[in-house]
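# Summary of the model geometry
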There are 2 protein chains.
Amino acid sequence: MPIKEMRIARGDEKAFLVLKNCQVVNVLNGQIEHGDIAIENGLIVGVGSYEGKLELDLEGKYVCPGFIDGHVHIESSMLTPSQFSKLVMPLGTTSVIADPHEIANVCGIAGIEYMLEASEETPMDVYIMLPSCVPSTEFEVAGAVLLAEDLQGLIDHKKVLGLGEMMNYPGVIQGNAMVHAKLDMMKDRNIDGHAPRVTGKDLNAYISAGVQTDHECTTKEELLEKVGKGMYVHLREGSATRNLDILLGGVTDANSRRLMFCTDDKQPMDILYEGHIDHNVRRAIELGLSPITAIQMASLNTAECYGLRKKGAIAPGYEADLLVLSDLEKVQIDQVYKKGILVADDGEALFEVDPLKDTRVLDTVKIDQVDQINLDINIESGIAKVIGLIDHEIITTSVVRKVDVVNGKFVHNDKLDLLKLAVIERHKGTGNVGLGLVEGYGLRHGAIGLTIAHDSHNIIVIGDNDEDMRLAAQTLKDHTGGMCICMEGEVLDSLQLEVGGLMTDAPLMEVVERIEDMNRLAIDMGVNKNIEPFMTLAFLALPVIPELKLTDKGLFDVTKFSLVDINA
Amino acid sequence: MPIKEMRIARGDEKAFLVLKNCQVVNVLNGQIEHGDIAIENGLIVGVGSYEGKLELDLEGKYVCPGFIDGHVHIESSMLTPSQFSKLVMPLGTTSVIADPHEIANVCGIAGIEYMLEASEETPMDVYIMLPSCVPSTEFEVAGAVLLAEDLQGLIDHKKVLGLGEMMNYPGVIQGNAMVHAKLDMMKDRNIDGHAPRVTGKDLNAYISAGVQTDHECTTKEELLEKVGKGMYVHLREGSATRNLDILLGGVTDANSRRLMFCTDDKQPMDILYEGHIDHNVRRAIELGLSPITAIQMASLNTAECYGLRKKGAIAPGYEADLLVLSDLEKVQIDQVYKKGILVADDGEALFEVDPLKDTRVLDTVKIDQVDQINLDINIESGIAKVIGLIDHEIITTSVVRKVDVVNGKFVHNDKLDLLKLAVIERHKGTGNVGLGLVEGYGLRHGAIGLTIAHDSHNIIVIGDNDEDMRLAAQTLKDHTGGMCICMEGEVLDSLQLEVGGLMTDAPLMEVVERIEDMNRLAIDMGVNKNIEPFMTLAFLALPVIPELKLTDKGLFDVTKFSLVDINA
């Protein structure tokens, strides 16, 4: 620290900025303390009575540390890091711990590098956990396979904190050598976990392997066991995964210091209408947690977990990531300061970010001769295994149905809610097309497709006729990624996601409007109101969530953990 | 972690050692939990129900994490690291954060390297904070001057955690360039503080500079301010500095996670009769702190502060540093395990350590022609500035006394309690001899000397006649360091401290017996019962503690921070 800061801290020289007359939320001692906050060169140099070159009288408003999202896939917002930061910084999120495993599945190391570089353009601190599980299984073709040696070149990057969520918990627990090679390489760094319902001795093994956090708790008991065994636990509230209310029941005075908040996967509309980490804090307070503890879980605890020594509190030497609140209990955020700079006022971001054009993450939909893609499903028996959707869930059932067959091939029947589903490999030019049937989606006529299809993000298309399905695939190729709805040879609506087929540099409101329009249109076209038209499809390709899924290699039975024939 | 540990954690293979039927003190969630602790390869792989190749039924005894001394100068025990570890490990201390600044003042980098190497011979983990203030001031000649570049070569040593206590707090706050060079070099590492009564904006500046801890709090208010400003605070209980009882009044549920225990400077007798960190824990419980919080302050909090991620708790992946307690409230320690190995049983260390013979730290008393040292004090005026001792304190007063003078030189008067004090430079052969007068020591006849004289550790000798004083100096030279009492040309008693003139590889009980004998003899010879005969002398050369002190360069007025003439 330069000598000048010493003079300012001592009060011998005026600070660059002083926030006067604050009620400081001190997460270090659990107190609210009245005073001025002196800021120089992006750092807090003191709290007390200070004079500044610029002074702002906050008239007794609360000031708390900026919020940290402890685990987020920025890609789920469909926004690039710059647009994402414009959305969440006005909501109080000044730093995120991001796992870019979606873009990594499409673009490999280049995707991670893009996220690092694109994030440098924004005032938000985007820390990166290197994706540990690309691809999620061997039963699909992703854009990249990342082994320990592939990650090696990035581990010393200043924004890289460690290894991202180790979703392959069976591999960890069973001692898979390639999995452990990654853990060993990262053993002195942070290692995030992902261990839904892993308990008892399996959990002991998983933690012994070096995994430090978990964001997959869905019950209070699970949280208590994991914290008691040394994990830091994220209380998650995402779009689909709404675990917060239940998990708050497990927070105690003795364990709260090892708890923190995250969103994991949250769609742009949900962030816009409900909030980001501010929502977790607000909800925690509504359910009875003290505001200081809730804010501590959104700041200091996360900073401690990830070794961010200058973040998470309002005290000398800490970065001046500050939120000005007009209402503490309601978490009403008036202004947001990042490293001492006002970046948001009254809900509006005050900064502009030039989009980063990185050709390595553009034009990632690599399929040829779409008009010749064969979407015939051979079902000689006339009895098929069918993916059964469940309202409000991303898990599916495996059901057996009698289907109409002509010349040994499936044909659509208007009276049955059975649609053809295709996963078209789009990374490597393999020509792989996985085909299956879905019950419960509801679309009466046409096709719906997108290039978000966890985790490999191939093209996924559903429809009642092959022509509209091919048109959807062609449209996604032409748009270099995105979402679309087609009917009778026409593209009714679409959203371009030009970055990896996952994100766009378009402004938030354009994105939200398009998605909402398309969701309405889909419902109008018969899609089941109790599922999300696009996001339900996006999870139908994920072969680690039960029960029956579809990858570009074919139908996958998650319970058996193997590809299966559609003939029942 | 090898695959084998996964099998053991899962329970598919027997662990090397299982402590069965324990009441586990879980500092992670504040609970006492019944279970077995499975240990393999020095690490805890699980707590639950386990089988081991070796099983020990603890019959419901408590098991807690090993204690960590958060700030200690091992040299103050007068024992080498190996002997020190044999003393404190049976008391439950399994790791220490040591600042070897005493030996560094004598031997420089070689002294630090000796401490690192000697510590490797013991089962105890000795982590090192690199001494930041060698010498303590420019007004004395020490064995070394350590600048930032001198420390550079050691900062990546696996046992080095950061920069030791930054005692030159005025230099930090005022922006001294050489001081800040050290802080800048260590800015991403741990930096220990030393800021007695530093408060308000000065404290803000000190913390802004990157200092993270403080062990010099003497009041509850001081502790509360420092914790509130982001410091981790050590609650210290040393031989002279007994701050624990008062500071415990400042511990709250909200701040305890940033509090920890230390001893700083504790003499061997005090450790033997009273305890080490176990004493801090025991006393905290006696004064009303919950046992789990007290143990947390002695383990997890310290580990978190210093980034020791595998220490401080009983959970999967943590090192198996474990204490078996037959009484939790009384902290009755039956056995001590270090990395899964039984190292102490019923108060006895179970290991032997070969002393490390390092010639760089031996034979460090470098003075010539002792018989020709001139101890004449010229006081033409007959009115002298005199160092006034205060009972039970290491601070002194500066008093003015009329003294007997013959031929312009001070002469002793049997009716006055005024003794001659000499600090004889012993490192560089400068021939420097600082001379002064002391009131309140009480010695009637003879001389007492030692080679421990903070912080430069020159020879310090007090006496009523020059011949016995020279004999004391000669004895210390002949013994290559230590303590001695001489009278009428005879050495009445002595203790050799052959390592740097500060420590010995002799067994604890020999050391304690010698010191106790010499203390008794000194009292018999008239030394004031309300001071410690040797340790009071050891602090009379420390020019950073008020008010009048003596270095090899002469009389030093700490308030004026300058050398002064003895003539008043």
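Residues numbered from 1 in each chain as written. Chains lettered and ligands numbered in written order. Predicted model: local features only at pLDDT ≥ 70, side-chain atom pairs only at ≥ 80, totals over all residues. Heavy atoms only, no water.

## Quick word on the packing of helix α1 (residues 3-10) of chain A against helix α8 (residues 200-208) of chain B
Put simply, the rule is: Orientation is described by lines fitted to C-alpha atoms, with helices fitted over the stretch in contact, and by angles between N-to-C directions that extend from 0 to 180 degrees. Each helix is a run of H or I in the DSSP string that is no shorter than four residues. Each strand is a run of E no shorter than two, and both are numbered from the N terminus. Should an angle fall under 35 degrees it is taken as roughly parallel, and over 145 as roughly antiparallel, whereas 65 to 115 is taken as roughly perpendicular and any remaining angle as oblique. The sense of a crossing depends on the near helix, which, turned anticlockwise from the far helix by less than a right angle, makes the crossing left-handed and, turned clockwise, makes it right-handed. When checking whether two residues touch, look at their non-hydrogen atoms; a contact exists if any pair is within 4.5 Å. Side-chain classes are defined by residue name, with Ala, Val, Leu, Ile, Met, Phe, Trp, Tyr, Cys and Pro counting as nonpolar, Asp, Glu, Lys and Arg as charged, and the others, Gly among them, as polar.
Closest axis-to-axis distance for the α1(A)/α8(B) pair is 7 Å, and the angle between their directions is 155°. In terms of orientation, α1(A) lies roughly antiparallel with respect to α8(B). Seen from above, α1(A) lies across α8(B) with right-handed handedness. Taken together, the residues of α8(B) that come into contact with α1(A) (itself represented by A:Met6, A:Ala9 and A:Arg10) are B:Lys201, B:Asp202, B:Asn204, B:Ala205 and B:Ser208. The class makeup of the residues in the contact of α1(A) with α8(B) is three nonpolar, two polar and three charged.

## Some details on the relation of the copies chain A and chain B
What relates the two chain copies is a rotation about an axis together with a slide along it. The criterion, for reference: Least squares is used to superpose the copies, and the fit set is the C-alpha atoms of residues whose pLDDT is at least 70 in both copies.
Of the transformation superimposing chain A on chain B, the axial component is 0.1 Å and the angular component is 180°, with the fit at an RMSD of 0.1 Å. The two molecules are tied by a two-fold rotation axis, judged by turn and shift. Closest approach to the rotation axis among the C-alpha atoms of chain A is made by A:Asp253, whose C-alpha sits 3.8 Å away.

## Describing the pairing of strand β2 (residues 31-40) of chain B
Sheet faces and side chains relate simply in a regular strand, where the side chains alternate between the two faces. Residue and element names in this part refer to chain B. Stated precisely, the cut-off is as follows: Any two strands with at least two DSSP-identified bridges between them are counted as paired.
Two strands pair when backbone bridges link them, and strand β1 (residues 15-26) and β2 are joined in this way by eight bridges, in the antiparallel orientation. Opposite Leu-19, over in β2, you have Ile-37 as the bridge partner. Connecting β1 to the next strand, β2, in antiparallel fashion are four residues, including Gly-30 with a positive phi near 75°. As paired strands, β2 and strand β3 (residues 43-48) are joined by five bridges and run antiparallel to one another. When the sheet's bridge partners are listed, Ile-39 is paired in β3 with Ile-44. Counting the residues between successive antiparallel strands, the hairpin from β2 to β3 contains two residues, one of them, Asn-41, with a positive phi of roughly 55°.

## Notes on the sheet that holds strand β30 (residues 562-563) of chain A
Residue and element names in this part refer to chain A. What the three strands build is an open sheet, ordered β28-β29-β30; its pairing is antiparallel. In this open sheet, the two strands that pair with only one neighbour each are β28 (548-551) and β30. Sheet topology note: the β28/strand β29 (residues 554-557) ladder contains four bridges and is antiparallel. Counterpart to Leu-550 in the pairing with β29 is Leu-555.

## So, helix α12 (residues 277-286) of chain B
Residue and element names in this part refer to chain B. As a reminder, the rule being used: Here the term buried applies to any residue with accessible area under 20% of the maximum for its type, exposed to any over 50%, and partly exposed to those in between, with areas from a 1.4 Å probe on protein chains only.
Most of α12 sits inside the fold, with eight of its 10 residues counted as buried. Within α12, the full set of buried residues consists of Ile-277, Asp-278, His-279, Asn-280, Val-281, Arg-282, Ala-284 and Ile-285. Gly-288, located one to two residues past α12, shows a positive phi value of around 110°.

## Focus on the packing of aromatic side chains
Residues and elements named next belong to chain A. Rule in force here: For Phe, Tyr and Trp, where Trp contributes only its six-membered ring, two rings pair if their centres lie within 6.5 Å, and the inter-plane angle classes them as stacked under 30 degrees, edge-to-face over 60, or tilted in between.
Counted under the stated rule, the structure contains six aromatic pairs over all chains. Ring centres of Phe-139 and Phe-561 lie 5.8 Å apart, and the angle between their planes is 85°; on these two criteria the pair is classed as edge-to-face. Placement of Phe-139 in the loop between β8 (125-130) and α5 (148-151) and of Phe-561 in the loop between β29 and β30 is noted, with a sequence separation of 422 residues between them. Given a relative accessible area of 17%, Phe-139 falls into the buried group.

## Details of the pattern of salt bridges
Residues and elements named next belong to chain A. Applied cut-off: Any Lys or Arg side-chain nitrogen located within 4 Å of an Asp or Glu carboxyl oxygen qualifies as a salt bridge.
Summed over all chains, the structure comprises 69 salt bridges over all chains. A salt bridge links Asp-214 to Lys-226; its shortest N-O distance comes to 2.9 Å. Here the residue Asp-214 occupies a position in strand β11 (residues 213-214), and Lys-226 occupies one in helix α9 (residues 220-228), the gap between them amounting to 12 residues. Accessibility classification places Asp-214 together with Lys-226 in one group, the buried group. A salt bridge links Glu-274 to Arg-242, with the nearest nitrogen and oxygen atoms 3.1 Å apart. With Glu-274 in helix α11 (residues 268-274) and Arg-242 in the loop between β12 (232-236) and α10 (244-248), this residue pair connects regions lying 32 residues apart in the sequence.

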